[in-house]
Amino acid sequence: MRPQGLRSVAYLRLNRRAVQPIVYRGEEGLDALRPAWNGLLHRSAFDTIFLTWEWQATWWDLLGRGDLWLLAWRDADGALVGLAPLFLTDDGGKRTFSLVGCREVSDYLDLIIARGHEAAVYDSFLTWLAGPDAPAWDVLDLCNLPETSLTYRQLVEMARARGYQAEATVEDVCPIIPLPSSWDDYLASLDKHQRHEIRRKLRRIEQEARPRWYIVEPSHDLQAEMDAFIALHQRSRREKGEFMNEPMQRFFRSMAQVMQEAGWLFLSFMEVNGIKAASMLCFDYNDAILVYNSGYDPEAYSSLSPGIVLLARCIEYAIRQGRRAFDFLQGNESYKYRFGGRDFRFMRPDISAQGCTPE
């Protein structure tokens, strides 16, 4: 039994064997860790869909490259208290450890650690990186850490104390709308011009066309709906068309299927006179709606602003469902702020093996 009054971190440090990582190589590790993965995520300080087993496994299967390294920490009772999902790549002789998901499509990432166990896991992680069991590496690249994460602060400080070169920079922002209890309260929170524009666009589309907003349900043909989403995404603008190449299409289709099966997919469309004019692919997770991607046809009823109307309907839906936040995810596009978004930062620590003190 843990002595009365000692914090869990101290207990773990006194029981070094309890915090030595168990190392899994390859996809077998994903299978072995699956039963406890999401439970640990729910006990961590930042529970996000991009760190769920479902997301991480799908990303690795379709977009992963290099070598998969999964480090797991358990306490003296055998409970999982930490996960470092990593992959190792060698680009031109520079061997880089990155977080699984650290490429284009995962907006929030981090080490997954039960609250109160962060310091012990960080300490053990750094010891492993400097020890003989770790492969040769040059850089630890931890992208998309939320500003509330202890990793970019505490792990960076601990790395510097061991002689590593370590820096953390602001990588990007995502605007988030804290949602009130009613649609009227939300509109009242906006400036007068934006409030007027939303109401005007909602009225106009109803007066001049036959709009239909709908959410894709499990009974619908998801792959047909994804065909429509991808087509709208590609039509939106040139950069989106280039992004949505064949490998990315495969990822989006598989990811949507996995998210729907987990109950987290929120895919919606705005039809105008029977034509799909706009779409939003969102997630409904952890009491928030996350806007993952969108598409619209610039030639289909653009004068009626179907994309803006769709966004307004999705925010209204989130409020009526009692969600706490509407998260636009990464990117500082101006429309996000017009709808009430407030910046939340992402950090990116880079830790170089040069100068580290071997254990």
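Before reading on, note that the structure itself is shown above.
For every chain, the first residue of the written sequence is number 1, and numbering continues from 1 along that sequence. Thresholds applied to this predicted model are a pLDDT of at least 70 for local features of residues and 80 or more for the giving and counting of side-chain atom pairs; totals over whole chains, interfaces and linings are not thresholded and use all residues. Note that the side-chain values use all heavy atoms of the structure and ignore hydrogens as well as water.

Chemist: Break down the packing of aromatic side chains for me, with residues and values.
Modeler: Aromatic pairing here means that ring centres of Phe, Tyr or Trp (its six-membered ring) are within 6.5 Å. Orientation follows from the plane angle: under 30 degrees is stacked, over 60 is edge-to-face, and everything else is tilted. Tallying each qualifying case throughout the model produces 32 aromatic pairs. Seen from their ring centres, Phe 326 and Phe 328 are 5.4 Å apart, and the 80° between their planes marks the pair as edge-to-face. By the burial criterion, Phe 326 is buried, and Phe 328 matches it. Only when the NZ of Lys or the CZ of Arg is both within 6 Å of the ring centre and within 35 degrees of the ring normal is a charge said to sit over the ring. The side chain of Arg 34 reaches across the aromatic face of Trp 53, ending 3.9 Å from its centre. In this arrangement the basic side chain of Lys 276 is found over the ring face of Phe 269, its NZ or CZ atom lying 5.5 Å from the centre. The buried label goes to any residue with under 20% of its type's maximum accessible area, the exposed label to any with over 50%, and the partly exposed label to all in between, with areas taken from a 1.4 Å probe on protein chains only.

Chemist: Residues and numbers for the side chain of Thr 96, please.
Modeler: Numbering of helices and strands starts at the N terminus; helices are DSSP runs of H or I of at least 4 residues and strands are runs of E of at least 2. Here Thr 96 is to be found in strand β4 (residues 94-99). Given a relative accessible area of 13%, Thr 96 falls into the buried group. Only heavy atoms matter for contacts: two residues are in contact if any of them lie within 4.5 Å across the pair. Excluding anything up to four places from it in sequence, Thr 96 contacts Phe 87, Leu 88, Thr 89, Val 139 and Asp 141.

Chemist: Describe in detail the packing of helix α4 (residues 118-130) against helix α5 (residues 151-161), supporting the description with residues and values.
Modeler: For helices, the axis comes from a line fit to the C-alpha atoms of the stretch in contact; other axes are also lines fit to C-alpha atoms, and the angle between any two N-to-C directions lies between 0 and 180 degrees. One way to put it is that α4 packs onto α5 with a least axis distance of 10 Å and a crossing angle of 45°. Classified by the angle between their axes, α4 and α5 sit oblique to one another. The way α4 lies across α5 gives a crossing that is right-handed. Contacts from Ala 119, Tyr 122, Asp 123, Phe 125 and Leu 126 in α4 reach Thr 151, Gln 154, Leu 155, Met 158 and Ala 159 in α5. Among the residues forming the contact of α4 with α5, the class breakdown is seven nonpolar, two polar and one charged. Convention used here: angles under 35 degrees read as roughly parallel, angles over 145 as roughly antiparallel, angles from 65 to 115 as roughly perpendicular, and any remaining angle as oblique. Put simply, a crossing is left-handed when the front helix is turned counterclockwise from the back one by less than a right angle, and right-handed when it is turned clockwise. Charged residues are taken to be Asp, Glu, Lys and Arg, nonpolar residues to be Ala, Val, Leu, Ile, Met, Phe, Trp, Tyr, Cys and Pro, and polar residues to be all remaining types, Gly included.

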